[in-house]
Amino acid sequence: QVQLVESGGGLVQAGGSLRLSCVASGSIGSINAMDWYRQAPGKQREYVAIITSGGTTSYPLSVKGRFTISRDNAKNTVYLQMASLKPEDTAVYYCHATIRTWGGVRFDDYWGQGTQVTVSS
């Protein structure tokens with residue numbers, strides 16, 4: 001089985017920074033894209049950042065220039081560096097990855113359990 005475990009969330013003042021990490025573990029054959037989503041209370045889950053296996057990144061306008069996604073393929077880890085945080089960034093942040101298990105033939109979606117980020121004004 002494959003697991004994604006996030007860490008690094010917490011409480012921060014507006015204008016501050018946080019770094020989230022997500023480690024994929026288990027019977028991993030290959031990891032394709034890795035990305036971050038977030039869900040605020042009463043709102044739908046939204047995409048925050050994506051990084052391909054080749055390192056290409058993409059962000060929505062709401063976080064572009066403030067958030068940076070990166071990955072360490074040797075450690076099966078993806079990071080989200082968040083700067084200039086705003087109260088509207090408050091949400092549970094989820095890690096997602098498309099992974100082929102060892103010996104498998106297809107890529108499946110995996111999600112982490114989420115980590116809370118709270119930005120106070």
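Everything that follows concerns the structure shown earlier in this document.
Predicted model only: the values in this text are computed from it and were never measured.

J.: If you had to explain the pairing of strand β9 (residues 91–101) to someone new, which residues and values would you point to?
T.: A regular strand carries its side chains on alternate faces of the sheet. Taking burial as the measure, the 11 residues of β9 include 8 buried ones, the bulk of the element. Examined bridge by bridge, strand β4 (residues 28–39) and β9 share 9 bridges and lie antiparallel to one another. Opposite Tyr 37, over in β9, you have Tyr 94 as the bridge partner. Summarising the sheet, β9 and strand β11 (residues 115–120) pair through 3 bridges and their orientation is antiparallel. Residue Ala 91 lies in a different strand from β11, and its bridge partner there is Val 117. Direction of pairing for β9 relative to strand β10 (residues 108–111): antiparallel, over a ladder of 4 bridges.

J.: How would you summarise the nonpolar core if you had to cite specific residues and measurements?
T.: One finds Trp 36, Leu 80, Met 82, Tyr 93 and Ile 99 to be the most contacted residues of the largest nonpolar core, which totals 31 residues. Those elements that provide at least two residues to this core are β1 (2–7), β3 (18–26), β4, β5 (46–51), β7 (67–72), β8 (77–82), β9 and β11. The element best represented in this core is β9, accounting for 5 residues.

J.: How would you explain the pairing of β8 if you had to name every residue and give the values?
T.: In terms of burial, β8 is largely enclosed, as 5 of its 6 residues are buried. The sheet contact formed by β3 and β8 spans 6 bridges and is antiparallel. Bridge pairing links Leu 18 to Met 82 in β8. In terms of strand pairing, β7 meets β8 through 6 bridges, oriented antiparallel. By the bridge assignment, Thr 68 is partnered in β8 with Gln 81.

Each value, and the rule that gives it
Residues numbered from 1 in each chain as written. Predicted model: local features only at pLDDT ≥ 70, side-chain atom pairs only at ≥ 80, totals over all residues. Heavy atoms only, no water. Buried < 20%, exposed > 50% of the residue type's maximum accessible area, 1.4 Å probe, protein only. Helix = DSSP H or I, 4+ residues; strand = E, 2+ residues; numbered from the N terminus. Pairing = 2+ DSSP bridges. Core = buried A, V, L, I, M, F, W, Y, C linked by side-chain atoms within 4.5 Å.

Function-wise, these values are silent; they only describe arrangement.
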